[in-house]
Amino acid sequence: QVQLVESGGGLVQAGGSLRLSCVASGRTFSTYAMGWFRQAPGKEREFVAGISWGAGTRTYYADSVKGRFAVSRDNAKNAVYLQMNRLKPEDTAVYSCAAVNRVLPGTDRTNYDYWGQGTQVTVSS
């Protein structure tokens, strides 16, 4: 079992930055690829970013966040991060991290084994 806890959400003005953190329980964190997803009111949960297991040498981004967001991991701290820059009002959503026991993350939320409870990000215009 892996438990995931996100933090770092909040209210920020458009153009600002936030850094989300996701800390995992357990001693096998490095064997999980990690993903960040978000869900805005009335919309389906969508893929935002993902990072491969181990050293996290492979990263993936949704087109809508490419060049603005950066995903990273620190296996010594059992943590994955999402640095969000140049935020836009359309980035407003609940952001959740997810873990899957394989090398590469995927964009399909149904492939993930474990989920955090989410953290709210609100970007004002």
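From a predicted model like this one, the values you see are computed outputs, not experimental measurements. (Residues numbered from 1 in each chain as written. Predicted model: local features only at pLDDT ≥ 70, side-chain atom pairs only at ≥ 80, totals over all residues. Heavy atoms only, no water.)

Draft legend 1. Structural detail: the packing of aromatic side chains. Tallied over the full model, the rule gives 5 aromatic pairs. Pairing F37 with Y112 gives two aromatic rings, centres 5.1 Å apart and planes at 80°, and the pair type is edge-to-face. Note that F37 is positioned in strand β4 (residues 33–39) and Y112 in the loop between β9 (93–100) and β10 (114–115), a separation of 75 residues in sequence. For the pair formed by F37 and Y112, the shared burial category is buried. Of the aromatic side chains, those joined through ring pairs into one cluster are F37, F47, Y112 and W115. The side chain of R19 reaches across the aromatic face of Y81, ending 3.9 Å from its centre. Over the aromatic face of F29 sits the side chain of R73, whose NZ or CZ is 4.5 Å from the ring centroid. (Phe/Tyr/Trp six-rings, centres within 6.5 Å; stacked < 30°, edge-to-face > 60°. Helix = DSSP H or I, 4+ residues; strand = E, 2+ residues; numbered from the N terminus. Buried < 20%, exposed > 50% of the residue type's maximum accessible area, 1.4 Å probe, protein only. Lys NZ or Arg CZ within 6 Å of the ring centre and 35° of its normal.)

Draft legend 2. Quick look at the state of the cysteines. Enumeration according to the criterion identifies 1 disulfide in this entry. The side chain of C22 participates in a disulfide bridge whose partner is C97; the two sulfur atoms lie 1.9 Å from each other. Residues C22 and C97 are joined by a disulfide whose S-S torsion is about 55°; by sign, that bridge is right-handed. One end of the pair, C22, is in strand β3 (residues 18–24); the other, C97, is in strand β9, with 75 residues separating them in the sequence. The burial state of C22 is the same as that of C97; both residues are buried. (Disulfide = S-S within 2.5 Å.)

Draft legend 3. Quick peek at a nonpolar patch on the surface. Judged by side-chain polarity, W53, V103 and L104 come together as a nonpolar surface patch covering roughly 230 Å² of accessible area. Here L104 shows up in the loop between β9 and β10. We classify L104 as partly exposed; its relative accessible area is 34%. (Patch = residues over 30% accessible without salt bridge, like charges linked within 9 Å, V, L, I, M, F, W, Y side chains within 5 Å. Areas by Shrake-Rupley, 256 points an atom, 1.4 Å probe, with all protein chains shown as cover. Salt bridge = Lys/Arg side-chain N within 4 Å of Asp/Glu carboxyl O.)

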